[in-house]
Amino acid sequence: MAQLLQHLINGLASGTIYALVALGYTMVYGVLKLINFAHGDVMMVGVYMGYATAFTLGRQEQKTFLGVVLIFLVAMGGCALLGFLIERFAYRPLREKPRLTSLITAIGISFTLSYGFQLDIGFLPGAAPRAFPEIIVPTEWLIIGDRDVVVWNWQVMSLLIAVGLMVGLQYLVFKTRFGRAMRAVSYDHRVAALMGIPTDRVIALTFMIGSALAAGAGLLYAIKDTSVSPLMGLYVGLKAFVAAVIGGIGHVPGAVVGALLLGLVEEFVVGYAASTWRDAVAFGILILVLLVKPGGLFGRVAAEKV
Amino acid sequence: MRRFVPMLLAALAFMVAGCEKKTQPASSDTDTSKQAAQGQGGTATAPPTPEGTPPPPAASDTLLLGVATSLTGGQATFGVSTRNGIELALKEANEAGGVKGKKLTVRVYDNQGKPEEAAQAVTRLINQDRVILILGDVASSNSLAMAEKAQAAGVPMITPSSTNPTVTEKGDFIFRVCFIDPFQGFVMAKFGRENLKLSKVAVLQDNKSAYSIGLTDVFTRKFTEMGGKITGVESYSQGDTDYRAQLTAIKKAQPEAIYVPGYYSEVGVIARQARELGLKVPLLGGDGWDSEKLYELGGTAIQGSYFSNHYSPDNPDPRIQKFVSDYKAAYGGVPDALAALAYDAANVAIDALKKAPDTSGKAIRDAIAQTKGFPGIAGAITLDEKRNAVKPAVVLKVGDGKSEYVTTVNP
């Protein structure tokens, strides 16, 4: 029983982080119909920005609350800028070209970031994985029995942050003027432009929000798993992409449900079946979902939402 | 704005071309920046020599060796150590007058830690650069891919530190200067059973790595034969960073130790998460742990764990101490076992080149096969009929920022 509870907590912890990354995929897809394969790598860049900020604040010192907020702000702001630049210079010039062109460009950017960061020149960190500093000092939040179940403060914190960001996003998309503009662009960006909506600005902002979310997710991920490497974005990005597709890509709550499902399935397959089967089962579920509901759990094949 | 992208591409192309030019006249052939740049896109794979004419193999006054190893990717420190060890050996040989009156040079390619890149790098070394001998790699999965190409082309290859037995089974041109997995698995099983008096051990293996699976295989068999019990074998994949599910499952079985025959990049994080879940037992592992990064990634969590290795830099033997200080002077930092083995592999190769009547693949191969009692840094090297080195292993205990020598286990 205790073990089941511990697995549940572990699964939720990885699920929430997949969810935050998946949100970025889903938002960009919703607006542009573009699968932004560089999304995971933007996350990785965000983690390195947080890493650099943490070290600038002092290598060994305990981080104050303000320090942690600053780390998050720098990483999220930096990534928003990166997202803007990527959209402006890589995707916008290709917007009227066949969608495949943008997709290949996205893969190119993904590789440029993940392999570029393995160089050991200038500010680039080099290939070896590094230990991420403990910006949130891990303390046990809840202990059941003789350490049978342990819940850590950062697990609770990342769950709260993730839920907060999701609620905020849902509000943004469905309750604000900007959200309405986003949905209009998603519906048909040419018509939206004719109606006087500044489509370029809306798309750029969507990218920036998605990238900032990725940076936040990346930091939570690095706090959780204590290491950072240039290739981390590829793995997490792939998982989050799968989660977004399971939930129905383009659908905000769908991405969250898909991600939590993926996190829990992975955890329980490893815990109770054979750990070798983890990825096979995860991708098996993806195929199953797509067979039964081609649009994902929540997605509709014809009508597309943000 | 549409013109921007082609312009950007052109600018990038110029930057890449700039890098190429800078490194070419130096012709020391040890440039790695070019190889690293290659990882970013196919456009950078310009042939190293102009007009694609292969360098004449014998007419020049240098002998060219080829190296393919992982300078980027998850196990980058392995590749960097390997390159450093080889370069140090070659530098010393050249200072001592070279081989047959010729200087030795080396061309190093990055395989990004991927078997397909490793195979490609070797093809390039053989067909384009016409190297007479190949050194590399660390990870067995990469060496397997390389061995296939080298064997087919009849170019001798020495892997410094791939311990999976199948590597040298690829053919009679493939050698190694380290012991093999069955022995390493045996060492830890014996050490765990006899020195640590363990009776229940869990295993956590990397199911993407031939090395890890090989070690698990032998360890579980030997440990059971010696009367111990394996509580279960769990797996992860290289690149994972969350091992809590596996560790929670392991915890339930209450083992006295966990055998983790993986690489340092994962092991450090595994140790942290094990402690976090309340697993206090020591971890056991193999030479894949050997990197200074292990102490950074594992922190205090990894301290008190044990791993088998090829050599210990604490060995007071003056020859070893000279190597350690030379290496420190050249690269800063204590050489790990991979650097020591790479140094040994290069020296075995140089020794064979001196003895071989000519520089044909066959002659070099025959000379390497004769290697007997060669005084390596990581133990004396005698190659058996299966082209493997037979030598003892050491067991090290992880401490604060370094590992301490515990014992030596003989074959």
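Residues numbered from 1 in each chain as written. Chains lettered and ligands numbered in written order. Predicted model: local features only at pLDDT ≥ 70, side-chain atom pairs only at ≥ 80, totals over all residues.

This part covers the overall build of chain B. The helix and strand tally for chain B stands at 13 helices and 14 strands. Sequence separation of 24 or more characterises 67% of the internal contacts of chain B that already satisfy a separation of 6 or more. (Helix = DSSP H or I, 4+ residues; strand = E, 2+ residues; numbered from the N terminus. Contact = placed C-beta atoms within 7 Å.)

Residues and elements named next belong to chain B. As assigned here, chain B comprises domain 1 (47-172 + 321-392) and domain 2 (181-309). A straight line from the C-alpha centre of domain 1 to that of domain 2 covers 30 Å. Contact with domain 1, which involves 14 residues of that partner, is made by 17 residues of domain 2. Counting only elements with at least two residues in the side of domain 1 that touches domain 2, the list comes to helix H5 (140-153) and helix H12 (337-355). (Domains from an automatic or database assignment.)

Helix length check: helix H11 (residues 318-331) of chain B (14 residues) gives 20 Å between terminal C-alpha atoms against 20 Å at 1.5 Å per residue, within 8%. Phi turns positive one or two residues past the end of H11 of chain B, at glycine 332 of chain B, with a value near 70°. (Expected span 1.5 Å × (residues − 1).)

Right, let's talk about the packing of helix H2 (residues 39-56) of chain A against helix H4 (residues 99-116) of chain A for a bit. Residues and elements named next belong to chain A. Here H2 crosses H4 at 30°, and the two axes come no closer than 8 Å. When the interaxial angle is binned, H2 and H4 end up roughly parallel. Taken as a pair, H2 and H4 cross one another with a handedness that is left-handed. Residues Asp41, Met44 and Val45 of H2 touch H4, and the partners they reach there are Ser110, Leu113 and Ser114. Among the residues making up the contact of H2 with H4, the classes are represented as three nonpolar, two polar and one charged. (Axes fitted to C-alpha atoms, helices over the stretch in contact; angles between N-to-C directions. Parallel < 35°, antiparallel > 145°, perpendicular 65-115°, else oblique. Left-handed = near helix turned anticlockwise from the far one by under 90°. Nonpolar A, V, L, I, M, F, W, Y, C, P; charged D, E, K, R; others polar.)

Looking now at the sheet that holds strand E3 (residues 133-135) of chain B. Residue and element names in this part refer to chain B. Reading across from one edge, E2-E1-E3-E4-E5 is the order of the five strands in this open sheet, with parallel pairing throughout. Pairing within the sheet leaves two strands with one partner each, and these edge strands are strand E2 (103-110) and strand E5 (174-176). When strand polarity is set aside, the average angle formed by the axes of neighbouring strands in this sheet is 25°. As paired strands, E3 and strand E4 (residues 157-159) are joined by two bridges and run parallel to one another. By the bridge assignment for E4, leucine 135 is matched with isoleucine 158. On top of the sheet, helix H3 (residues 76-95) reaches strand E1 (62-69), E2 and E3; it is set at about 170° to E2, its chief contact. Contacts from helix H4 (residues 115-127) reach E1, E2 and E3 within the one sheet, and its direction differs from that of E1 by about 170°. (Pairing = 2+ DSSP bridges.)

Turning to the pairing of strand E10 (residues 306-309) of chain B, a few remarks are in order. Residues and elements named next belong to chain B. Alternating residues of E10 divide into Tyr306 and Ser308 and Phe307 and Asn309, and every residue in both groups is buried. Pairing of strand E9 (residues 283-285) with E10, which is carried by two bridges, proceeds in the parallel orientation. Bridge pairing in E10 places glycine 285 opposite phenylalanine 307. Read as a crossover between parallel neighbours, the route from E9 over helix H10 (residues 293-298) to E10 is right-handed. Here E10 runs beside strand E13 (residues 393-398); their pairing, made up of four bridges, is antiparallel. In the sheet register, serine 308 faces E13, and the bridge partner there is valine 395. (Buried ≥ 20, exposed ≤ 12 C-beta atoms within 10 Å, placed from the backbone. Right-handed = clockwise from strand over helix to strand, strands pointing away.)

Turning our eyes to something else, we now look at the sheet that holds E10 of chain B. Residue and element names in this part refer to chain B. Spatially, seven strands are ordered E7-E6-E8-E9-E10-E13-E14 in an open sheet, and the strand pairing comes out mixed. Bordering the open sheet on either side are strand E7 (229-236) and strand E14 (403-409), each of which pairs with just one other strand. When strand polarity is set aside, the average angle formed by the axes of neighbouring strands in this sheet is 25°. Examined bridge by bridge, E13 and E14 share six bridges and lie antiparallel to one another. By the bridge assignment for E14, alanine 393 is matched with valine 409. Relative to E13, helix H6 (residues 181-195) is tilted by about 60°, and along the sheet it contacts strand E6 (200-206), strand E8 (257-259), E9, E10, E13 and E14.

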